[in-house]
Structure formats: structure tokens, C-alpha cells
Amino acid sequence: QVRLVESGGGLVQAGGSLRLSCAASGGMWRMFRIAVWSWYRQAPGQQRDWVATITGGGTTNYLDSVKGRFTISKDNAENKMYLQMDSLKSEDTAVYYCNAKYPGSERPEDAWGQGTQVTVSS
């Protein structure tokens, strides 16, 4: 069973930076290479929103409000995915979750991490 674990969250002042990590385990090496990886975030009392995606081929996409400030990347050899967050704003405060979509034995599967808290003080 695929497991994802986020880390790197914390409390920072506006304008500061954090680097989130997502470590994956329990899958075949090919799955990690071809999976579509994403970061989502959820503020208290709000819906979970998509933030960024990186495909198996390295194509990236970002939520408009984080373009130029956040960078998603991955390390296939280490089965890790990252979100570098710069110029953080108060509105970036949320629990951040990593996600992987990959082919299953019968149908596509979707794995989630437990989340890591990011708090940005104004």
C-alpha cells in the first residue's frame, strides 16, 4: 500500500520561506516515476484547494496566486516531492497535503498524506 508523509511545515513571518517535503513508500519504482504529484492546501473551515502539480514527465502547473512564489519539484531516485514556498503571505496559512495519482491493478488510485501545518504571521 502506498503511503505519503509530509514534513517541513511551521510558523514563519510574512515574506519568509518554507520547504515542504513529501516522502513516498510502499509502491513499485515505476509507479513513482509515472505518478502525477500534487500539493493541496486547506484552511480552517474551507474547502481543500489544489496548489501545484508536477507530472511524471516534469511538467508543472500552479494556482495563479502562488505563481512566481512556489516551486514544485520531485526527486525520483529518493521517491520524494517538494514544494519550495517563498515570499509567503498570511493567506498561504493552511494545512498542506501531498497527493499522488497512479495506475492501480484494476483502476487508477489516489494516495494522500496526513498533512503539515503552515502558518504565516502578518
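Residues numbered from 1 in each chain as written. Predicted model: local features only at pLDDT ≥ 70, side-chain atom pairs only at ≥ 80, totals over all residues. Heavy atoms only, no water.

Attention now goes to the pairing of strand 3 (residues 18–25). Of the pairings in the sheet, the one linking strand 1 (residues 3–7) to strand 3 comprises five bridges and is antiparallel in character. Bridge pairing links Ser7 to Ser21 in strand 3. As paired strands, strand 3 and strand 8 (residues 80–85) are joined by six bridges and run antiparallel to one another. When the bridges of strand 8 are listed, Leu18 appears paired with Met85. (Pairing = 2+ DSSP bridges. Helix = DSSP H or I, 4+ residues; strand = E, 2+ residues; numbered from the N terminus.)

Taken in spatial order, the four strands line up as 1-3-8-7 in an open sheet, and their pairing is antiparallel. Both outer strands of the open sheet, strand 1 and strand 7 (70–75), are each paired with one neighbouring strand and no more. Looking at each pair of strands side by side, their axes are set apart by 15° on average, direction ignored. (Axes fitted to C-alpha atoms, helices over the stretch in contact; angles between N-to-C directions.)

As a further point, take the pattern of salt bridges. Following the criterion strictly, the structure yields five salt bridges and no others. Linking Arg41 and Asp92 is a salt bridge whose minimum nitrogen-to-oxygen distance equals 3.0 Å. Taken as a pair, Arg41 in strand 4 (residues 36–42) and Asp92 in the loop between strand 8 and strand 9 (94–102) lie far apart in primary sequence, 51 residues in all. Exposure class is identical for Arg41 and Asp92. Each is buried. Where Lys101 meets Asp110, a salt bridge forms, and the shortest distance between an N and an O atom there is 3.0 Å. Through salt bridges that share partners, Arg41, Arg69 and Asp92 make up one connected network. (Salt bridge = Lys/Arg side-chain N within 4 Å of Asp/Glu carboxyl O. Buried < 20%, exposed > 50% of the residue type's maximum accessible area, 1.4 Å probe, protein only.)

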